[in-house]
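Fold and geometry: a report
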Amino acid sequence: GNLAKEGSILPIDGTPAGLAIKSRTTVRRKTIDFEEFYHPMVRLAYAAGVRSGMSVCLISHDKVLGSINVGSTREANFTQEEQELLEEIAGQIAIAVENSLNFEQAQKERARAEMLLRINNAVTNHLDLHELLLATSECLREYFKNDATGMALYDAATDQLRVHAVDVDDSWVPYFREGNLTD
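About the criteria used
Residues numbered from 1 in each chain as written. Predicted model: local features only at pLDDT ≥ 70, side-chain atom pairs only at ≥ 80, totals over all residues. Heavy atoms only, no water. Core = buried A, V, L, I, M, F, W, Y, C linked by side-chain atoms within 4.5 Å. Buried < 20%, exposed > 50% of the residue type's maximum accessible area, 1.4 Å probe, protein only. Helix = DSSP H or I, 4+ residues; strand = E, 2+ residues; numbered from the N terminus. Contact = heavy atoms within 4.5 Å. 1 Å grid on protein atoms, 1.4 Å probe; cavity = no way out; pocket = protein on both sides within 12 Å on 5 of 7 lines; lining within 4 Å. Points joined across faces, edges and corners; volume = space filled by probe spheres on them. Nonpolar A, V, L, I, M, F, W, Y, C, P; charged D, E, K, R; others polar. Salt bridge = Lys/Arg side-chain N within 4 Å of Asp/Glu carboxyl O. Pairing = 2+ DSSP bridges. Axes fitted to C-alpha atoms, helices over the stretch in contact; angles between N-to-C directions. pLDDT = per-residue confidence, 0-100.

What follows concerns the nonpolar core. If you look at the biggest cluster of nonpolar residues, it comprises seven residues: Met-54, Val-56, Leu-58, Phe-78, Leu-86, Ala-90 and Ala-94. Only strand 2 (52–60) and helix 3 (80–125) provide two or more residues apiece to this core. Apart from residues lying up to four places away in sequence, Val-56 is in contact with Ala-20, Thr-26, Gly-66, Ser-67, Ile-68, Leu-86, Glu-87 and Ala-90.

Listed below in structure tokens is the structure:
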């Protein structure tokens, strides 16, 4: 159902997962207590049939990454042995999650460094303002996923900006041209 779709935001306060994260301990309940878990999301889970559950905090290198949660339509469905097994599994998952997050961060940092290097190369190889913008615009589009790039230089004598170079997606061409921004 629509209880917790991938990418949806789940609350911390008033939920078993939130309590597990805040306390850094496993939350295992034989039944759902609406006074303890007061968030409306818990009532939705109950309405969907959830009657018992466990939430285990994902911790790696003393950093809380999230939680792994299991629910059941039966009351008192999870035993102490199952809790210990889920905690062991959560430890392995936490390491994998941390590795994945570190890999994503490294990719972002590499992309940023590559873009800066390409911009630096464009700056050192192009003296013409229009050529400089076109050379850097491609790098910026790849990194920022933008549709338009422009360079406007301040003219102190007129107290205006003059557009010196524009690189836009074809659909924007009628709206942009070089010249004064006030034209």
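Computed from the structure, the largest pocket encloses a volume of approximately 630 Å³. Within the residue set of the lining of the largest pocket, elements represented by two or more residues are helix 1 (16–23), strand 1 (27–29), helix 2 (40–47), strand 2 and strand 3 (63–72). Residues of the lining of the largest pocket, tallied by class, amount to 17 nonpolar, nine polar and two charged.

This brings us to the pattern of salt bridges. This structure, assessed with the given rule, holds five salt bridges. Residues Asp-13 and Lys-22 are paired through a salt bridge, measuring 2.3 Å at the closest nitrogen-oxygen approach. Classification of Asp-13 by relative accessible area gives partly exposed; the value is 41%.

Taken together, the three strands give an open sheet; going across it, the order is 1-2-3, and neighbouring strands pair in antiparallel fashion. The outermost strands of the open sheet, each flanked by one partner alone, are strand 1 and strand 3. Each adjacent strand pair in this sheet contributes to an overall mean axis angle of 15°, direction not counted. Here strand 1 runs beside strand 2; their pairing, made up of three bridges, is antiparallel. What sits directly across from Arg-28, in strand 2, is Met-54. On the sheet, helix 1 packs against strand 1, strand 2 and strand 3 and is oriented at approximately 35° with respect to strand 2.

This next bit is on the confidence of the model for the protein. Per-chain confidence: the protein averages 88 in pLDDT, with 91% of residues scoring 70 or above. Ranking the elements of the protein by mean pLDDT puts strand 6 (residues 179–180) last, at 50, and strand 1 first, at 98.

On to the environment of Gln-83. Since its relative accessible area comes to 11%, Gln-83 is described here as buried. Once the C-alpha coordinates of Gln-83 and Arg-28 are considered, the two residues, 55 residues apart in sequence, prove to be 7.6 Å apart. With residues up to four places along the chain from it excluded, the contact list for Gln-83 reads Thr-26, Arg-28 and Met-54.

Turning next to unusual backbone geometry. You will see that Lys-145, though not glycine, has its phi angle at about 60°, which is positive. Assignment of secondary structure puts Lys-145 in the loop between helix 4 (129–144) and strand 4 (148–155). Accessibility expressed as a relative area gives 64% for Lys-145, which makes it exposed. A positive phi angle, near 55°, is found at Asp-159, a position not held by glycine. With respect to the secondary-structure elements, Asp-159 resides in the loop between strand 4 and strand 5 (160–168). Note on Asp-159: relative accessible area 56%, which makes it exposed.

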